[in-house]
Amino acid sequence: MISKGLAYGYMSARRRVREMVLPVVTTATGAFLVVLVFGMSAGISAQSASLGHAEEINRAVILVAVTVLLVGVVEVAVASTRTVAHRTRELGVLSANGVPRGPVVAALLVEPVVAAVLGALTGAALAAVTAIVLRSLGFVATGLSYSGMTAGVLIAIGVSFVAAVATSIVPTWNAASRSPIRSLNAGG
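Counting restarts for each chain, with residues numbered from 1 along the sequence as it is written. Reporting in this predicted model follows two pLDDT cut-offs: at least 70 for local features of residues, and 80 or more for side-chain atom pairs to be given and counted; totals over whole chains, interfaces and linings ignore these cut-offs and use all residues. To get the side-chain values, take all heavy atoms of the structure and skip hydrogens and water.

1. A word on the overall build of the chain
Secondary structure elements follow DSSP: runs of H or I of four or more residues count as helices, runs of E of two or more count as strands, with numbering from the N terminus. If you tally the helices and strands in the chain, you get eight helices and zero strands. When the elements of the chain are put in sequence order from the N terminus, they spell out α-α-α-α-α-α-α-α. Expressed along its principal axes, the backbone C-alpha trace of the chain runs to roughly 65 × 30 × 25 Å. Only heavy atoms matter for contacts: two residues are in contact if any of them lie within 4.5 Å across the pair. Taking the contacts inside the chain whose residues are at least 6 apart along the sequence as the reference set, 86% of them involve residues at least 24 apart. Using the Shrake-Rupley algorithm and a 1.4 Å probe, accessible areas are obtained, with residue cover drawn only from the displayed protein chains. Surface exposure of the chain reaches about 9700 Å², of which carbon and sulfur atoms provide 71%.

Here it is in structure tokens:
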């Protein structure tokens, strides 16, 4: 039954592509920064060692990059909450027709997860291309680590996925738990 909820959620997300643009772009921006920071981390470490506080500077740079990524995921959560609020009548119809809570929650989680992962993939791809082009033109004096970029891509996608689920589960669970009468009367 969960697979039917996921299929319904995917179909619904395809209809709501316009509402997903801002969360995708915001998450892509964070992923772009994460991949670039991790790709240039070896060079950043070497330069910060000359300043005397290499470990502290590395931690700060990584913290800033991950924070920007999380800001993007917060936008995904806000969009998810807005989506749930606009779909209360639809949720009431599903509940009134006997659709269990699990498939409804799965359907509602598809959109934020797709937005977060699509944003992370887009930002990571753009960062990789940008870094390679800048390196080939000689603009990256710190060097570029492909293993660092790979780690950045994995971190961006993983953090985006986990954060999208973690920040969207409560509003979707609460919405799916409402009685059908209450949802149908709420409109939306």
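So that's the structure; there's more coming.
2. A short note on the environment of Ser 80
Within the secondary structure layout, Ser 80 lies in helix α4 (residues 54-86). With a relative accessible area of 3%, Ser 80 lands in the buried category. The sequence separation of Ser 80 and Val 110 amounts to 30 residues, and the corresponding C-alpha distance is 9.7 Å. Here Ser 80 is in contact with Pro 112, Ser 168 and Thr 172, once residues within four sequence places are set aside. Relative accessibility under 20% of the residue-type maximum defines a buried residue, over 50% an exposed one, and the middle range a partly exposed one, all with a 1.4 Å probe and only protein chains included.

3. Regarding the packing of helix α2 (residues 17-39) against helix α7 (residues 146-177)
To define axes, lines are fitted to C-alpha atoms, for helices over the stretch in contact only, and angles between the resulting N-to-C directions are given on a 0 to 180 degree scale. Orientation of α2 relative to α7, taken along the N-to-C sense of each, is 150°, at an axis distance of 7 Å. Considering the angle they form, α2 stands roughly antiparallel to α7. Handedness of the crossing formed by α2 with α7: right-handed. Side by side, α2 and α7 meet where Thr 27, Ala 31, Val 34, Val 35, Phe 38 and Gly 39 of the first sit next to Gly 148, Met 149, Gly 152, Val 153, Ile 155, Ala 156 and Ser 160 of the second. A per-class count over the contact of α2 with α7 returns eight nonpolar, five polar and no charged. Note on angle classes: values under 35 degrees are labelled roughly parallel, values over 145 roughly antiparallel, values of 65 to 115 roughly perpendicular, and the remainder oblique. By definition, any crossing whose near helix is turned counterclockwise from its far helix by less than a right angle is left-handed, and any crossing with a clockwise turn is right-handed. Think of it as three bins: nonpolar holds Ala, Val, Leu, Ile, Met, Phe, Trp, Tyr, Cys and Pro, charged holds Asp, Glu, Lys and Arg, and polar takes everything else, Gly as well.

4. Observations concerning a nonpolar patch on the surface
Here a patch means residues that are over 30% exposed by relative accessible area and free of salt bridges, tied together within 9 Å if like-charged and within 5 Å if nonpolar (Val, Leu, Ile, Met, Phe, Trp, Tyr). Throughout this description, the term salt bridge denotes a Lys or Arg side-chain nitrogen within 4 Å of a carboxyl oxygen of Asp or Glu. Among the surface-exposed residues, Val 129, Val 133, Leu 134, Leu 137 and Phe 139 lie close enough to one another that they form a single nonpolar patch of about 490 Å² accessible area. Along the chain, Phe 139 turns up in the loop between α6 (101-136) and α7.

5. Quick notes on the pattern of salt bridges
Applying the stated rule across the entire model yields one salt bridge. Put simply, Arg 16 and Glu 111 hold a salt bridge, and the shortest N to O gap is 2.9 Å. Taken together, the residues span a long stretch of sequence, with Arg 16 in the loop between α1 (2-15) and α2 and Glu 111 in helix α6 at a distance of 95 residues. With relative accessibility at 16%, the residue Arg 16 sits in the buried group.

6. Digging into the side chain of Glu 111
Among the residues examined, Glu 111 registers a relative accessible area of 6% and is labelled buried. Polar contacts, as counted here, are pairs of nitrogen or oxygen atoms within 3.5 Å of one another; within protein the pair requires one atom able to donate a hydrogen and one able to accept it, and residues that are adjacent in sequence qualify only if both atoms are side-chain atoms. Side-chain polar atoms of Glu 111 contact the side chain of Arg 16, separated by 2.9 Å. Leaving out residues up to four positions away in the same chain, Glu 111 has contacts with Ala 13, Arg 16, Met 20, Thr 83 and Arg 87.

7. Some points on the packing of α2 against α6
Between two packed helices, what matters for the description is the angle formed by their axes and the separation of those axes. Look at α2 against α6: their axes get within 6 Å of each other, and the N-to-C directions meet at 40°. By the criterion of interaxial angle, the relationship of α2 to α6 is oblique. Of the two elements, α2 crosses α6, and the hand of that crossing is right-handed. In the contact of α2 with α6, the residues fall into 18 nonpolar, five polar and one charged.

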